[in-house]
Amino acid sequence: MSDIQRNFPDRSSTVTNSAIRASSMDDAVLKLALTIAEAASERKAGDILLLKVANVSYIADYFVLMTGYSRVQVRAIADSIEKDVEENLHRRPLRTEGKNEGSWVLYDYGDVIVHVMMPRERDYYNLEAFWGHAERIEFTSADSGEE
């Protein structure tokens, strides 16, 4: 844990996709964030984290951060997210950045901003610490116990 992260209170909770869906079906923004997280999980993204930034920023309601361990995997995760969100929620990102480079892909869905990053970029920019005052929601895939 970095020095920056130690300075912020650890307000986090671990949830499963199915538990949130059962309690918040009507929250379309949360459903979008969870759909993104689940699509990333299907492509073996690491360290999936949802940050609820609605109370601390006007930029978005949620940030969804995850790690891909190669440029190919980063692109595959990004493609999976785009496909699943379009198929299930009929939404396309408003903006996309970094897909050609493949070290950090950003999708802007308006209410949800997605960051798919290589480990080096995620460590360097440390968005978790920058947005440390936001509520942290650790994502655990519903099928993570089956492997």
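Because the structure is predicted, anything quoted here is derived from the model rather than measured.

Reading the values: the criteria
- Residues numbered from 1 in each chain as written.
- Predicted model: local features only at pLDDT ≥ 70, side-chain atom pairs only at ≥ 80, totals over all residues.
- Heavy atoms only, no water.
- Helix = DSSP H or I, 4+ residues; strand = E, 2+ residues; numbered from the N terminus.
- Buried < 20%, exposed > 50% of the residue type's maximum accessible area, 1.4 Å probe, protein only.
- Contact = heavy atoms within 4.5 Å.
- Axes fitted to C-alpha atoms, helices over the stretch in contact; angles between N-to-C directions.
- Parallel < 35°, antiparallel > 145°, perpendicular 65-115°, else oblique.
- Left-handed = near helix turned anticlockwise from the far one by under 90°.
- Nonpolar A, V, L, I, M, F, W, Y, C, P; charged D, E, K, R; others polar.
- Core = buried A, V, L, I, M, F, W, Y, C linked by side-chain atoms within 4.5 Å.
- pLDDT = per-residue confidence, 0-100.
- Expected span 1.5 Å × (residues − 1).
- Phe/Tyr/Trp six-rings, centres within 6.5 Å; stacked < 30°, edge-to-face > 60°.

Colleague: What's the story with the overall build of the protein chain in this structure? I'm lost.
Modeller: Scanning the protein chain for helices and strands turns up six helices and seven strands. The order of α-helices and β-strands along the protein chain, N terminus first, is α-β-α-α-β-β-α-β-β-β-α-α-β. The proportion of buried residues among the 147 residues of the protein chain is 46%. Look at the contacts in the protein chain between residues 6 or more apart in sequence, and 64% of them connect residues 24 or more apart.

Colleague: Got a minute to help me understand the packing of helix 3 (residues 28-42) against helix 4 (residues 71-89) in this structure?
Modeller: Axis angle and axis distance: for two packed helices, these are the angle between their axes and the distance between the axes, and together they describe the pair. It is the contact of helix 3 with helix 4, at a shortest axis distance of 8 Å, that shows an interaxial angle of 135°. One way to sum up the angle between helix 3 and helix 4 is to call them oblique. Here helix 3 and helix 4 pass one another in a crossing that is right-handed. Two secondary-structure elements touch here, helix 3 through Lys-31, Leu-32, Thr-35, Ile-36, Ala-39, Ala-40 and Glu-42 and helix 4 through Ile-77, Ser-80, Ile-81, Asp-84, Val-85, Asn-88 and Leu-89. The class makeup of the residues in the contact of helix 3 with helix 4 is eight nonpolar, three polar and three charged.

Colleague: Help me understand the nonpolar core, please; the structure alone is not making it clear to me.
Modeller: In summary, soluble globular proteins display a tendency toward joint burial of nonpolar side chains. Counting 29 residues, the largest nonpolar core has Ile-36, Leu-50, Met-66, Ile-81, Tyr-109, Val-112 and Val-114 as its most contacted members. For this core, the secondary structure elements donating two or more residues are helix 3, strand 2 (46-52), strand 3 (62-67), helix 4, strand 5 (104-108), strand 6 (112-117) and strand 7 (135-140). The dominant element in this core, judged by the number of residues it contributes, is helix 3, at nine residues. Setting aside chain neighbours within four positions, we find Leu-50 in contact with Ala-33, Leu-34, Ala-37, Phe-63, Val-64, Glu-135, Arg-136, Ile-137 and Phe-139. Core analysis: the second largest hydrophobic core is formed by 11 residues, Leu-49, Val-53, Met-117 and Trp-131 among them.

Colleague: What is the right way to read the environment of Ala-45 from this model?
Modeller: Relative to the assigned elements, Ala-45 resides in the loop between helix 3 and strand 2. Considering only alpha carbons, one finds Ala-45 and Leu-65, 20 residues apart in sequence, at a separation of 9.6 Å. Aside from chain neighbours lying at most four places away, what touches Ala-45 is Ala-40, Met-66, Thr-67, Gln-73 and Ile-77.

Colleague: Sorry if this is basic, but what is going on with the confidence of the model for the protein chain here?
Modeller: Detailed reading of the predicted model is not advised wherever pLDDT is low. With 78% of its residues at a pLDDT of 70 or more, the protein chain has an overall mean of 84. In the model, residues 1-9 has pLDDT below 50 throughout and makes 10 contacts with residues more than four positions away in sequence or in other chains. In the model, residues 21-26 has pLDDT below 50 throughout and makes two contacts with residues more than four positions away in sequence or in other chains.

Colleague: Whenever I open this one, helix 3 confuses me. Can you help?
Modeller: Side chains that are three or four residues apart share a direction in an α-helix, a result of its 3.6 residues per turn. Helix length check: helix 3 (15 residues) gives 21 Å between terminal C-alpha atoms against 21 Å at 1.5 Å per residue, within 8%. The buried fraction of helix 3 amounts to 12 of the 15 residues, a majority that puts the element mostly inside the structure. Those residues of helix 3 that sit buried are Val-29, Leu-30, Leu-32, Ala-33, Leu-34, Thr-35, Ile-36, Ala-37, Glu-38, Ala-39, Ala-40 and Ser-41.

Colleague: Just to check I follow, could you spell out the packing of aromatic side chains for this structure?
Modeller: Counted according to the given criterion, the structure contains five aromatic pairs. Taking the centre distance of 4.9 Å and the plane angle of 50° together, the rings of Trp-104 and Tyr-125 count as tilted. Here the residue Trp-104 occupies a position in strand 5, and Tyr-125 occupies one in helix 5 (residues 119-125), the gap between them amounting to 21 residues. Note on Phe-130 and Trp-131: the rings are 5.5 Å apart at their centroids and 80° apart in plane angle, and the pair reads as edge-to-face. For Phe-130, a relative accessible area of 57% gives the class exposed. One aromatic cluster in this structure is built from Phe-63, Phe-130 and Trp-131.

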